[in-house]
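What follows is each chain in one-letter form.
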Amino acid sequence: MSVLAPDAPRLAQSLQHRDLRDWIRLAQDLGQLQTIDGADWDLEIGGLSELLALEPGHHRCLLFDNIKGYQAGWRVVTDVFASKELGAIALGLPHDQSRSEIEQAWRAKSRQLKLTPVKEVTTGAVLENVVRGDDIDLFRFPTPRWHEADTGRYLGTGDQVITRDPDTGQINVGTYRMMIQGRDKIGLYISPGHHGRIHRDKYFARGEPMPVAAVFGAHPLLFAASSSGLPPSTNEYEWAGAVKGEPLEVIRGPVTGLPIPAHAEIVVEGFVHPERLMEEGPFGEWTGYYASAVRQEPFVQVEALYHRDDPIILGYCPTRPPGATHEVARTIINAALWDALEAAGVPDVRAVSMAPSAGRGMVVISICTRYAGHARQAALVASQCREAAYLGRYIVVVDEDIDPNNVDEVLWAMWTRSDPEESLDLIRSCWSTPLDPRIPPEKRARREFTNSRLIIDATRPFHWKQEFPAVSSASPELRAALRDKWSGLFQ
Ligand SMILES: Cc1cc2nc3c(=O)[nH]c(=O)nc-3n(C[C@H](O)[C@H](O)[C@H](O)COP(=O)(O)O)c2cc1C
Ligand SMILES: [Mn+2]
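Residues numbered from 1 in each chain as written. Chains lettered and ligands numbered in written order. Predicted model: local features only at pLDDT ≥ 70, side-chain atom pairs only at ≥ 80, totals over all residues.

1. Here's the deal with the overall build of the chain
No. 1: Scanning the chain from terminus to terminus reveals 15 helices and 21 strands.
No. 2: For the chain, the C-alpha radius of gyration of 23 Å lies close to 23 Å, the compact-globule estimate for 491 residues.
No. 3: Along the first, second and third principal axes, the C-alpha atoms of the chain reach 75 × 55 × 45 Å.
No. 4: When burial is assessed residue by residue, the chain has 45% of its 491 residues classed as buried. (Helix = DSSP H or I, 4+ residues; strand = E, 2+ residues; numbered from the N terminus. Rg over C-alpha atoms; globule rule 2.2 N^0.38 Å. Buried ≥ 20, exposed ≤ 12 C-beta atoms within 10 Å, placed from the backbone.)

Rendered as C-alpha cells:
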C-alpha cells in the first residue's frame, strides 16, 4: 500500500530540509505524519510510539502536542524513521524502491562520500532562549517516561552527545541515553568501547572533567549519524554534511567551545566530573530488556541551556524487534557490513542482513561459495568487524538462493543444509556490553562484559556441493513466469 502524496518524489529529491521542523513538514507532505493530542508524558508517549510502530502498515512519524500538564507547542516527535521511505530520504536517496535497492543505492553513494567540514556561524534558532545558572530547569520539557519500570524520565534517547578527544581534538557525536536527575543534572550512560566513553576515560585518567554538549532535537540525519556505528575516525557532523551535500551549520558553544547545531531544538552544555556520581537507570533498552540495574554513573552538570521557542524533543522508543523505527541504521549497518566483508577480501557476497527480528543478534550472509573454507571465512570476518561485532550472537552463512531477510528461508537452510556436528563453531570472549541480558550475575560482578559467538554454516558443504540434492520448489524463472501469466491471482 502506498501512502505517498503525489509530490513526494519532488520532496524526496530535495535535501533542502535542514532542521527537525522541515523534517516534520516533509513527513506530513508524504502522508506519513500522525499528530497526537493530549497524550501523557508518563508512559503514553512511549507506549504509543512502541505500539503504533508495530501496527502492520502504520509506518508513520508521530508528533505529540498538547502533552498533559505542558503548554501547547512544547512537543515530542518519535518514530522519525518508521518507514523505508523516510529512511531513504534521510540518506538523500530516491525512496520509491525496495529495501535492497535502497541498500545498494546507499552502498554506491557511501563510497563517494567526502567528509564535509562544518560551517561555523555565530547565531541560530537554538539561541532563541538562553538559560543559565539557577534558572536552568530540565523539568520544563515534556520529557517522557518511556516504559513502566523506568524510574526516571529520559530526555536523551534520540540525542546527540558531542565530545572532544583530549589527545587528538577529534570531535565525536554519539547517541547515548540521558536521564534527568535534577533541574541542572542529567545522566549520561555510555557503553564501553563507544567513542564518547573512550573520550571520558581519557579525561578522567588525567583527573579532568569532560566538556559535553548534548542535543535533544536535531535534523534526523544527525540522529542517523550519531547512532549508526560510524568508524572511530569519522566526525559524525562531517559525515552528515557529506550525505546532505552541504556543510552543517554549527555554533561554538559558549561554555565548552564544542560545536552545536545552529538549528537544534534544545541543547545543554556542561561538564562530566570525575568521581561525581548519581544513580542512573534502569531504562528499557534496545535489546528489549532492563539489563543493567540502578547504578552509580557520572552525569552532566549543566551550566547552560538553549532552546527554540516551542521546542520539540526528538525521542526514540526501543521496539521489539529492535530497530523497527530505525530504517536508516538498518541500511547503513547492512551496507557497512557488506563493505567490510569485501574489504577483507571475501568474494561473491550476494546479500547481508542483521536479521530484522533479532537486531544484531543474528547476522545472515548470503554468498556463492567458490572454494572450501569460503563460508567460514565470511562468518569469521563478519563476527568481528566493527559493524556486527557489538553484542553479536549468531552468524549464519547461507547460499546465494536464500534471502537473508527472509527468516523462514534462513531457518529452512539451517535445517536442511547444516549439520550441528560439522557446521558449528564457537568463538569466546567477544565484545558485548553491560546491556547484554545474558551476561550471568557472577560475570557481571567481575565487570566481564563479553559473550560468545556461534557460527552456523548453512551453505551446502563445498566438497560435495555438486551432489547435494536439488531444490524441488519452483525455480525463480518458473515463479516469475507464473506470476506474470496468472497475475490476477497475486493481487
Ligand atoms: C535510540 C538509541 C539509543 C542508544 N543509546 C545508547 C546508550 O545509552 N549508550 C550507548 O553507549 N550507546 C547507545 N546507543 C548506541 C550508539 O548510539 C551507537 O552505537 C553509536 O554509533 C555510538 O557512537 P560512537 O561509535 O561514536 O560512540 C543507542 C543507539 C540508539 C539508536
Ligand atoms: Mn563516533
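Continuing now.
2. Looking at the packing of helix α5 (residues 99–112) against helix α9 (residues 327–343)
No. 1: Taken N-terminus to C-terminus, the directions of α5 and α9 make an angle of 65°; their axes are 9 Å apart at the nearest point. Remark: the crossing between α5 and α9 carries right-handed chirality. Within the contact between the two elements, α5 uses Ile-102, Glu-103, Trp-106, Arg-107 and Ser-110 and α9 uses Thr-331, Asn-334, Ala-335, Trp-338 and Asp-339.
No. 2: Residue composition of the contact of α5 with α9, by class: four nonpolar, three polar and three charged. (Axes fitted to C-alpha atoms, helices over the stretch in contact; angles between N-to-C directions. Left-handed = near helix turned anticlockwise from the far one by under 90°. Contact = placed C-beta atoms within 7 Å. Nonpolar A, V, L, I, M, F, W, Y, C, P; charged D, E, K, R; others polar.)

3. A few points about the sheet that holds strand β4 (residues 119–120)
No. 1: Taking strand neighbours across the sheet as the criterion, the three strands line up as β4-β12-β13 in an open arrangement whose pairing is mixed. Looking at strand neighbours, the two that pair on one side only are β4 and β13 (259–261), the edges of this open sheet. (Pairing = 2+ DSSP bridges.)

4. So, the packing of α9 against helix α10 (residues 374–384)
Angle between the axes and distance between the axes are the two parameters that describe a pair of packed helices.
No. 1: Following both chains from N to C, one finds α9 and α10 inclined at 125°, their axes separated by 10 Å at the closest point. It follows that α9 is oblique to α10 by the angle criterion. Here α9 runs over α10; the crossing is right-handed. Packed against α9, whose contacting residues are Leu-337, Ala-340 and Leu-341, the element α10 presents Ala-378, Val-381 and Ala-382 at the interface.
No. 2: Of the residues that constitute the contact of α9 with α10, the class distribution is six nonpolar, no polar and no charged. (Parallel < 35°, antiparallel > 145°, perpendicular 65-115°, else oblique.)

5. Examining the pairing of strand β9 (residues 178–182)
No. 1: By the bridge criterion, two bridges tie strand β6 (residues 154–156) to β9 in an arrangement that is antiparallel. Within the sheet, the bridge partner assigned to Gly-156 lies in β9 and is Met-178.
No. 2: Inspection of the sheet shows β9 paired to strand β10 (residues 185–187) by two bridges, in the antiparallel sense. Within the sheet, the bridge partner assigned to Gly-182 lies in β10 and is Lys-185.
No. 3: Hairpin connection from β9 to β10: two residues lie between these consecutive antiparallel strands.

6. Let's talk about the site of ligand 1
No. 1: The local shell around ligand 1 holds 19 residues, among which Gly-174, Thr-175, Arg-177, Ser-191 and His-194 are the closest.
No. 2: Elements with a minimum of two residues in the shell around ligand 1: β8 (171–174) and α6 (195–205).
No. 3: Of the residues in the shell around ligand 1, the class split is five nonpolar, 13 polar and one charged. (Near = placed C-beta within 6 Å.)

7. Comments concerning helix α2 (residues 20–29)
Within an α-helix, residues lying three or four positions from one another point in the same direction, as the helix has 3.6 residues per turn.
No. 1: Those residues of α2 that fall on the buried side of the exposure criterion are Leu-20, Trp-23, Ile-24, Leu-26 and Ala-27. Looking down the long axis of α2, one finds its buried residues gathered within 160° of arc, a one-sided arrangement.
No. 2: Count one or two residues on from α2 and you reach Gly-31, which has phi positive near 75°. (Arc of directions from axis to C-beta.)

8. Describing the domain arrangement of the chain
No. 1: You can read the domains of the chain as domain 1 (8–111), domain 2 (114–314) and domain 3 (344–463).
No. 2: Its C-alpha centre places domain 1 at a distance of 21 Å from the equivalent point of domain 2.
No. 3: On the side of domain 2, 25 residues touch domain 1, which itself brings 22 residues to the contact.
No. 4: Among the secondary structure elements, those contributing two or more residues to the side of domain 1 that touches domain 2 are α2, α3 (44–54) and β3 (75–78).
No. 5: Tallying contributions element by element places β3 first for the side of domain 1 that touches domain 2, with three residues. (Domains from an automatic or database assignment.)

9. Section: the sheet that holds strand β19 (residues 394–399)
No. 1: If you trace the five strands from one edge of the open sheet to the other, you get β17-β18-β19-β21-β20, paired in mixed fashion. Looking at which strands have only one partner, the edges of the open sheet turn out to be β17 (349–354) and β20 (424–431). Across the sheet, the mean angle separating the axes of adjacent strands is 20° when strand polarity is ignored.
No. 2: Docked against the sheet, α10 engages β17, β18 (362–367), β19, β20 and β21 (450–458), running at close to 155° with respect to β21.

10. So, the nonpolar core
No. 1: By size, the foremost hydrophobic cluster in this structure holds 121 residues, and its most contacted members are Ile-186 and Leu-188.
No. 2: The biggest single contributor to this core is α9, with nine residues.
No. 3: Contact partners of Ile-186, with chain neighbours within four places excluded, come to Leu-138, Leu-155, Met-178, Met-179, Ile-180, Gln-181, Val-268, Phe-299, Val-300 and Val-302. (Core = buried A, V, L, I, M, F, W, Y, C linked by C-beta atoms within 7 Å.)

11. A look at the environment of Glu-238
No. 1: Examined against the element boundaries, Glu-238 turns out to sit in helix α8 (residues 236–244).
No. 2: Along the sequence, Glu-238 and Val-118 sit 120 residues apart, while their C-alpha atoms lie 6.3 Å from each other.
No. 3: Ignoring any residue separated from it by four or fewer positions in sequence, one finds Glu-238 in contact with Leu-115, Thr-116, Pro-117 and Val-118.

12. Notes on the environment of Thr-325
No. 1: Relative to the helices and strands, Thr-325 resides in the loop between β16 (312–314) and α9.
No. 2: You can call Thr-325 buried: it has 28 C-beta atoms within 10 Å.
No. 3: For the pair Thr-325 and Ala-240, spaced 85 residues apart in sequence, the C-alpha separation works out to 19 Å.
No. 4: Not counting residues up to four positions away in its chain, the partners in contact with Thr-325 are Ala-53, Asp-79, Phe-81, Ala-82 and Thr-319.

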